[in-house]
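Report on the structure
What follows is each chain in one-letter form.
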Amino acid sequence: MFAWFDLRSINLINFLFVNLIVTVVVLGGLLATIEKHLPVAIRQTFRYGKHALKGTPDRLVSLLEVPKAWFKHFYVFAAVWAVAGFTVMMQTYVTGQPAPDYVIAFLDTMATNRRTVRTTPTETMIAMTLITLQCLRRFYETWFVQVFSARLKINLSAYLVGYVHYFGTIVAILSQAEGFTRTGPVALPTNGYRFEMNMQLAMAIAVFYYAWFHQFRSNVILANLRKDRTGRVVSEKHALPTGDYFEVVSSPHMFFEIVMYVVLFAVLHRNSSMVYVLLWVLSNQLMNSWLTHQWYVENFPNYPKQRKALVPYVL
């Protein structure tokens, strides 16, 4: 006899992130080692923006490309989705009652009904506040600060990954939070929720803010390369950025993205899904920063030698 395979036993959030990690690691590794032997379709799919494929493109893959400016779309989604999650969390913890049943049922579907409480209300509130601030700032940047080139394209798959990332991250944070599960001794609080700040959490907030602020500065520097002193867009060309952490690393905005997710993982270290979120961000930013650094070196003969690809003074 064959046992029926129960989809409800699969943590879909973990499954999504594991697939993203495997894809970027495998394809990224192939690009880094044997790119010239790979089919044009694979190289074109993975490369976009300033380090897009050079040469004759694959016609079928070209049909699946959208303007890079569409990045703005999934930050609208990210902002709305994060605010929705933050609102539900605050409503739950302020009232001192479990989350609404429809929220718990949704989390059961995405992360199984065997979820247990692994993070405290304090940890959850900090993490949700930080990720919401990040999503709101990125929404502001992509719509009102950054300048996207009208001619650059991205593969539809890369565009959709943005939605998956923010959807999955918010769900992962809440999936093992107190008040958001059906099981565990504190699934149904009787005296409200306890909030206890400590020095480690305070330091995590400080590190996150430092990374959050400097990522914003990095994106402003990049945007200003295409603007005049009045803020008017005068060019869509790629120029050599200078100032702040650009003096020591080619992609400080990617480096600080990793720092912020390291902080979120540190705050929610008992949440088993957050390790997959962190590994996905790490692998994705590592590959994108390597491609960006490679492009800078190839296009600027006097590119500063002290600049590393991702981690200042190290990598």
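Owing to the predicted nature of the structure, the values given are computational and were not obtained by experimental measurement.

A short note on the UniProt feature "transmembrane region" (unreviewed entry) in the protein
Listed under "transmembrane region" (unreviewed entry) in the UniProt record, and renumbered for this structure, are residues 12-34, 74-94, 156-174, 195-212 and 258-282. Note that residues 258-282 is 76% helix and 0% strand, and that its end C-alpha atoms are spaced 6 Å apart.

Examining the side chain of Gln285
Following the sequence through the fold, Gln285 ends up in helix H10 (residues 274-299). According to the relative accessible area criterion, Gln285 is buried, its value standing at 13%. Sequence-distant contacts of Gln285, that is, excluding residues within four places in its chain, are made with Met254, Glu257, Ile258 and Leu310.

Examining the nonpolar core
Counting residues in each nonpolar core, the largest one holds 65 residues, and the members touching the most others are Ile131, Phe180, Tyr261 and Leu264. Elements represented by at least two residues in this core include exactly helix H1 (12-34), helix H4 (71-95), helix H5 (101-111), helix H6 (121-144), helix H7 (156-175), helix H8 (199-224), helix H9 (252-267) and H10. Looking at this core, the element that brings in the most residues is H9, giving 10 residues. Discounting chain neighbours no more than four positions away, the residues touching Leu264 are Ala127, Leu130, Ile131, Phe208 and Met274.

With respect to a nonpolar patch on the surface
Among the surface-exposed residues, Leu60, Leu63, Leu64, Leu156 and Leu160 lie close enough to one another that they form a single nonpolar patch of about 500 Å² accessible area. When residues of the nonpolar patch are traced back to their parent elements, those giving at least two are helix H3 (59-63) and H7. Relative to the elements of secondary structure, Leu64 occurs in the loop between H3 and strand E1 (65-67).

Considerations on the packing of H4 against H6
Interaxial distance between H4 and H6 falls to 8 Å at its minimum, and their mutual angle equals 155 degrees. By the criterion of interaxial angle, the relationship of H4 to H6 is roughly antiparallel. Here H4 runs over H6; the crossing is left-handed. Residues Lys72, Tyr75, Val76, Ala78, Ala79, Ala82, Val83, Gly85, Phe86, Met89, Met90 and Tyr93 of H4 form the contact with H6, whose own contacting residues are Pro121, Thr124, Met125, Met128, Thr129, Thr132, Cys135, Leu136, Arg138, Phe139, Thr142 and Trp143.

Comments concerning the packing of H9 against H10
The contact between H9 and H10 brings their axes to 9 Å, and the two run at 170 degrees. Viewed along their axes, H9 and H10 adopt a mutual orientation that is roughly antiparallel. The segment H9 lies against H10, with Met254, Glu257, Ile258, Tyr261, Val262, Leu264 and Phe265 engaging Met274, Val275, Val277, Leu278, Val281, Leu282, Gln285, Asn288, Ser289 and Thr292. Taken together, the residues of the contact of H9 with H10 break down into 12 nonpolar, 4 polar and 1 charged.

Things to note about the UniProt feature "domain: 3-oxo-5-alpha-steroid 4-dehydrogenase C-terminal" (unreviewed entry) in the protein
Mapped onto this structure's residue numbering, the UniProt feature "domain: 3-oxo-5-alpha-steroid 4-dehydrogenase C-terminal" (unreviewed entry) falls at residues 198-315. As annotated, residues 198-315 has a helix share of 58% and a strand share of 0%, and its two end C-alpha atoms lie 32 Å apart.

Some remarks on the pattern of salt bridges
Summed over all chains, the structure comprises 9 salt bridges. Among the salt bridges present, the one from Arg182 reaches Asp101, with a minimum N-O distance of 3.1 Å. Of this pair, Arg182 sits in the loop between H7 and H8 while Asp101 sits in helix H5, and the two are 81 residues apart along the sequence. With a closest N to O distance of 3.6 Å, Arg217 and Asp244 form a salt bridge. Separated by 27 residues along the polypeptide, Arg217 in helix H8 and Asp244 in the loop between H8 and H9 bring together distant segments of the chain. A residue is classified by how much of its surface remains accessible, and Arg217, at 37% relative accessible area, is partly exposed. Here the salt bridges share partners, and the residues they tie into one network are Asp101, Asp108, Arg115 and Arg182.

Some details on the environment of Ser157
Take Ser157: it is sitting in helix H7. Take Ser157: its relative accessible area is 37%, and that puts it in the partly exposed class. As a C-alpha pair, Ser157 and Glu65 span 92 residues in sequence and 8.6 Å in three-dimensional space.

With respect to the environment of Pro301
Its location among the elements puts Pro301 in the segment after H10. Along the primary structure Pro301 and Ala84 are separated by 217 residues, whereas in three dimensions their C-alpha atoms are 48 Å apart.

Details of the layout of surface pockets
As a volume, the largest pocket reaches approximately 1400 Å³. Together, 47 residues line the largest pocket, and Tyr48, Lys68, Phe71, Met254 and Asn288 are the ones closest to its centre. Looking at the lining of the largest pocket, the elements with two or more residues in it are H1, helix H2 (40-46), H4, H6, H7, H8, H9 and H10. Here the lining of the largest pocket is built from residues that sort into 23 nonpolar, 18 polar and 6 charged.

Rules of the game
Per-chain numbering applies: the sequence of each chain, read as written, is numbered from 1 onward. Totals for whole chains, interfaces and linings use all residues, but because this is a predicted model, local features are given only for residues with pLDDT of at least 70 and pairs of side-chain atoms are given and counted only at 80 or more. By convention in this description, side-chain values take in all heavy atoms of the structure and omit both hydrogens and water. UniProt positions are given in the numbering used here, feature names are shortened, and annotations may be inferred rather than shown by experiment. Working definition: helices are DSSP H or I runs of at least four residues, strands are E runs of at least two. Numbering for both runs from the N terminus. Burial classes: relative accessible area under 20% of the type maximum marks a residue as buried, over 50% as exposed, and values in between as partly exposed (1.4 Å probe, protein chains only). By definition in these notes, contact holds between two residues if any of their heavy atoms fall within 4.5 Å. Side-chain atoms within 4.5 Å link the members of a nonpolar core, which is a set of buried Ala, Val, Leu, Ile, Met, Phe, Trp, Tyr and Cys residues. Excluding any residue in a salt bridge, patches collect residues exceeding 30% relative accessible area, merging like charges within 9 Å and nonpolar Val, Leu, Ile, Met, Phe, Trp and Tyr side chains within 5 Å. Areas reported here follow the Shrake-Rupley algorithm with a probe of radius 1.4 Å; residue values treat only the protein chains shown as occluding. Note on definitions: salt bridges are taken to be side-chain nitrogens of Lys or Arg within 4 Å of carboxyl oxygens of Asp or Glu. Simply put, an axis is a line fit to the C-alpha atoms, just over the touching stretch for a helix, and the angle between two N-to-C directions goes from 0 to 180 degrees. Note on terminology: angles under 35 degrees are roughly parallel, angles over 145 are roughly antiparallel, angles of 65 to 115 are roughly perpendicular, and the others are oblique. Crossings are sorted by hand: turned counterclockwise from the far helix by less than a right angle, the near helix makes the crossing left-handed, and turned clockwise it makes it right-handed. Note on residue classes: Ala, Val, Leu, Ile, Met, Phe, Trp, Tyr, Cys and Pro are nonpolar, Asp, Glu, Lys and Arg are charged, and everything else, Gly too, is polar. Of the grid points, spaced at 1 Å and generated over the protein atoms alone, those admitting a 1.4 Å probe that cannot get out make up cavities, while open sets with protein on both sides within 12 Å along at least five of seven lines make up pockets; any residue with an atom within 4 Å of a point is treated as lining. Grid points are joined across faces, edges and corners, and a volume is the space filled by probe spheres set on the points.

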